Amino acid sequence: MSFLTRLRELRRAWRWVLVAVVMWCMLWGEVSLKSVLGGILAAGIVFVLFPMPPTGHELTIRPLRFITFLARFLLDLVRSAIEVGWFAVRPGPQPPGSVVGVKMASRSDFFLTFTGMLCTLIPGSVVVEAQRATGMLYLHAFNAGSEEDVEEVRRSVRAQEERLLWAIGRREVLKEAGLI
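This is a predicted model, so every value here is computed, not measured.

Draft legend 1. Layout of the side chain of Ser 80. By the element assignment, Ser 80 lies in helix α4 (residues 63–89). For Ser 80, the contacting residues outside a window of four places in its chain are Ile 122 and Pro 123.

Right under this line is the structure:
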């Protein structure tokens, strides 16, 4: 595919450019003209130089579920940031961490990657490995020293994936994941 063809296709990917700009603004922690224009420029460069494989067969947006997904993600983001901040300033030993393996419900590369990205954005966890063949995400989780804590991390990641699937996954993807 030529450079000009990719540039023309950028107009059809406006939704993904918008998502990328929102993520860029979240990364820089501000919504200003400079960060929005920088996000548009960065998204344009990435989308033109590194085209994504077609994912249209997996995605559809359900507006109410998407709003619920975003609201819960933001709530998790704030709650985790407060928890990590508390552990950083409180006296006493630091809580133990664990590497936790979580089997994803969907076999889609897109949803495996997106779920991993969401988990990494929430303070207190970072994806250390994603195995495409087995559909496993391995995360290093903060404050997961007991088996109950590890199970809570697994439950949280699976719930995050489920909300994502219901927000933007097509019916076929939901069936494959066992949600319908």
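Still to come is the rest of the account.
Draft legend 2. How the structure looks around the pattern of salt bridges. A full pass over the atoms with the stated rule returns seven salt bridges. Between Asp 76 and Arg 72 there is a salt bridge whose closest N-O contact spans 2.9 Å. You can see Asp 76 and its partner Arg 72 sitting in helix α4, four residues apart, about one turn around the helix. On the basis of relative accessible area, Asp 76 is assigned to the buried category, the value being 3%. Looking at Arg 72, the relative accessible area reads 33%, which means it is partly exposed. One salt bridge connects Glu 152 with Arg 155, and the closest N-O pair in it is separated by 2.6 Å. Taken together, the residues Glu 152 and Arg 155, both in helix α6 (residues 147–168) and three residues apart, mark about one turn of the helix.

Draft legend 3. Local environment of the packing of helix α5 (residues 109–121) against α6. Where α5 contacts α6, the two axes come as close as 10 Å, and the packing angle between them is 125°. When the axis of α5 is compared with that of α6, the two are oblique. In the crossing of α5 with α6, the sense of the turn from one axis to the other is right-handed. Across the interface between the two elements, Phe 110, Phe 111, Phe 114, Thr 115, Leu 118 and Cys 119 from α5 touch Val 157, Gln 160, Glu 161, Leu 164, Leu 165 and Ile 168 from α6. Class assignment of the residues belonging to the contact of α5 with α6 gives a composition of nine nonpolar, two polar and one charged.

How each quantity is defined
What you see as residue numbers is a count from 1 along each chain, following the sequence as written. Reporting in this predicted model follows two pLDDT cut-offs: at least 70 for local features of residues, and 80 or more for side-chain atom pairs to be given and counted; totals over whole chains, interfaces and linings ignore these cut-offs and use all residues. The basis for every side-chain value is the complete set of non-hydrogen atoms in the structure, without hydrogens or water. Every helix listed is a DSSP run of H or I at least four residues long, and every strand listed is a run of E at least two residues long, numbered separately from the N terminus. Note on definitions: a residue-residue contact is assigned when non-hydrogen atoms from the two residues lie within 4.5 Å. Salt bridges are counted wherever a side-chain nitrogen of Lys or Arg sits within 4 Å of a carboxyl oxygen of Asp or Glu. Buried means the residue's accessible area, taken with a 1.4 Å probe over protein chains only, is under 20% of the maximum for its type, while exposed means over 50%, and partly exposed covers the values in between. Every angle, taken between N-to-C directions, lies between 0 and 180 degrees, and every axis is a line fitted to C-alpha atoms, over only the stretch in contact when it is a helix. Angular relationships are summarised with four words: roughly parallel below 35 degrees, roughly antiparallel beyond 145, roughly perpendicular across 65 to 115, and oblique for the angles in between. Two helices that cross are described as forming a left-handed crossing if the nearer one is turned anticlockwise from the farther one by less than a right angle, and a right-handed crossing if clockwise. Charged means Asp, Glu, Lys or Arg here, nonpolar means Ala, Val, Leu, Ile, Met, Phe, Trp, Tyr, Cys or Pro, and polar covers whatever is left, Gly included.

Honestly, that's just the spatial picture; any functional story needs more than this.
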